Amino acid sequence: MSQPRTGTPGDVEEIHWPSLVAAISSISAVGIAIGLGLPLLSIILEKRGISSTLIGLNTAMAGIAAMAAAPVTTKLAHKYGVAPTMLWAVLISALSALGFYYAEDFWMWFPLRFAFHGATTTLFILSEFWINAASPPSKRGFVLGIYATVLSLGFAAGPLLFSLLGSDGILPFLVGAGAILLAAIPIFIARYESPILEEKPELHFMRYVFLVPTATAAVFIFGAVEAGGLSLFPIFAVRAHFTESQAALLLTMMGVGNVIFQIPLGLLSDRIPDKRPLLAGMALMGFVGSMMLPVLVDNWLLMAGLLLFWGGCVSGLYTVGLAHLGSRLTGSDLAAANAAFVFCYAMGTVAGPQAIGAAIDVAGNNGFAWAIAAFFGFYALLSGIRLMFIRKRT
């Protein structure tokens, strides 16, 4: 029987593959279920005659649940252990996923959404902590790039499953719940390899949001641009006279960029001791790319090429931000900071669609690009000021 590991980044000199396979495969199975569930639930509510406003309100429970789960996840892992907490989260998310099929009344979908996304948030936080703990500092970016790539493929596989299974009957719910339950297998096999939180975090949860602001701000911007961009880009594209199929293909190009850039960006971050200039550079490229959207709106091929590159820059904020977090903190502090990282991502997913949608209403169709550029510009400015301040101190 393997002895439990301390899970403190820096303790390992080589990649610990059993731990990484457990953490990455488990969260990827959850990614497939989420990718399947989001369109499935929206379509079912639409068929039931639920208004778009109420569907949006129910979907927003995901962000609320994530913000509620993030502060308590580290405490649960400290009390019960990382692997046991993850196994309970798998069970709760699988049962709630199946519960949607049996919930006839719409109000029941609110606690189910809360339970499902609260449990999956716990899985994300602890999986990312586990991955950081099992990665040697010199290869952390590479490992996180693999994680982000596999997770992106999992999210992409979900809608594909939905297109094959449809929304009728219990089968899509069984497939979703089954995918989540599969996540328990690698966690259980590697349970003795999971990191141990021997001490409670030293600071209050919210202090971790500001302890590594370059990382937490990066993931806030990523969440805002990802959620707002993916949900409102089809509106921008159709109003710009692209067809629905052309708009869908443009979104696909963003997804492809998300997948293919993760590992190269991770490898690049491994070669840079201080990740902050790289994060600032990606934000600056995101700003320029956003401002180019209205300019290239009449050329589908140029727009597709831009979104391929732009999608990689956006996704890199998450991967490199997580690597930066792992390079600065260890042990229980890293676990708590991971929770703060996911909390900021959830805040971004709530704020982004609201801000970008309002910008379209106020400034017209180009408000979509200008609002996203404002998010990137804010982060580039913030990170640039911090870099100058840090260099002056040293």
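Residues numbered from 1 in each chain as written. Predicted model: local features only at pLDDT ≥ 70, side-chain atom pairs only at ≥ 80, totals over all residues. Heavy atoms only, no water.

## Examining unusual backbone geometry
Located in the positive-phi region is His 241, a residue other than glycine, with phi close to 80°. Mapped onto the secondary structure, His 241 falls in the loop between α10 (213–239) and α11 (244–270). His 241 gets classed as exposed once you look at its relative accessible area, which sits at 73%. (Helix = DSSP H or I, 4+ residues; strand = E, 2+ residues; numbered from the N terminus. Buried < 20%, exposed > 50% of the residue type's maximum accessible area, 1.4 Å probe, protein only.)

## With respect to the domain arrangement of the protein
By the assigned domains, the protein splits into domain 1 (15–195) and domain 2 (204–387). Each of domain 1 and domain 2 has a C-alpha centre, and the two are 21 Å apart. Opposite the 25 residues of domain 1 that make contact, domain 2 presents 29 residues. When the two sides are added together, the surface that domain 1 and domain 2 hide from each other amounts to roughly 2200 Å², 73% of it contributed by carbon and sulfur. When the buried area of domain 1 at its contact with domain 2 is split by residue, Met 67, Glu 128 and Phe 129 rank highest and sum to 23% of it. Our count for the contact surface shared by domain 1 and domain 2 stands at seven residue pairs in polar contact (both at pLDDT 80 or more). Among the elements of the structure, α3 (61–80), α5 (109–133) and α6 (140–165) are those that each provide at least two residues to the side of domain 1 that touches domain 2. (Domains from an automatic or database assignment. Contact = heavy atoms within 4.5 Å. Buried area = accessible area lost by both parts, 1.4 Å probe. Polar contact = N/O pair within 3.5 Å; in protein donor to acceptor, adjacent residues only side chain to side chain.)

## Thoughts on the nonpolar core
Ranked by size, the top nonpolar core spans 119 residues in total, and within it Tyr 147, Leu 317, Phe 368 and Phe 376 carry the most contacts. Ranked by the residues each element gives to this core, the list is headed by helix α1 (residues 17–47), at 14 residues. In this structure, this core is formed jointly by two domains, domain 1 (15–195) and domain 2 (204–387), each of which donates at least three residues. When neighbours within four sequence positions are excluded, Phe 368 is seen to be in contact with Gly 228, Gly 229, Leu 232, Phe 233, Phe 236, Leu 293, Ile 356 and Ile 360. (Core = buried A, V, L, I, M, F, W, Y, C linked by side-chain atoms within 4.5 Å.)

## Focus: helix α14 (residues 331–363)
An ideal rise of 1.5 Å per residue puts 48 Å on 33 residues; α14 measures up with 47 Å between its terminal C-alpha atoms. Directly after α14, the chain includes Gly 364, whose backbone phi takes a positive value near 85°. (Expected span 1.5 Å × (residues − 1).)

## Overview of the side chain of Ser 135
When you line up the elements, Ser 135 lands in the loop between α5 and α6. A polar contact is formed between the side chain of Ser 135 and the backbone oxygen of Ile 131, at a distance of 2.5 Å.

## Re the side chain of Ser 315
Mapped onto the elements of the fold, Ser 315 is located in helix α13 (residues 300–328). Looking at Ser 315, the relative accessible area reads 2%, which means it is buried. If sequence neighbours within four positions are ignored, Ser 315 has contacts with Phe 222, Asn 258 and Gln 262.

## What to know about the pattern of salt bridges
Scanning the entire structure with this criterion turns up two salt bridges. One salt bridge connects Lys 47 with Asp 168, and the closest N-O pair in it is separated by 3.4 Å. Here the residue Lys 47 occupies a position in helix α1, and Asp 168 occupies one in the loop between α6 and α7 (171–182), the gap between them amounting to 121 residues. Residue Lys 47 shares its accessibility class with Asp 168, and that shared class is exposed. Residue Asp 274 is joined to Arg 276 by a salt bridge in which the shortest nitrogen-to-oxygen separation is 2.9 Å. Look at Arg 276 and you get buried, because its relative accessible area is 12%. (Salt bridge = Lys/Arg side-chain N within 4 Å of Asp/Glu carboxyl O.)

## Details of the packing of aromatic side chains
Geometry of an aromatic ring pair is reported as the spacing of the ring centres plus the angle between the planes. Tallied over the full model, the rule gives 13 aromatic pairs. Summarising the aromatic geometry, the rings of Phe 233 and Phe 236 are spaced 5.9 Å apart at their centres and angled 45° between planes, so their arrangement reads as tilted. Separated by three residues within a single helix, Phe 233 and Phe 236 lie in helix α10, roughly one turn from each other. Of the two residues, Phe 233 and Phe 236, neither departs from the other in class, the shared state being buried. An aromatic cluster is present here, built from Phe 222, Tyr 318, Phe 341 and Tyr 345 joined pairwise through their rings. Its guanidinium or amino end placed over the ring of Phe 188, Arg 191 lies 3.9 Å from that ring's centre, counting from NZ or CZ. (Phe/Tyr/Trp six-rings, centres within 6.5 Å; stacked < 30°, edge-to-face > 60°. Lys NZ or Arg CZ within 6 Å of the ring centre and 35° of its normal.)

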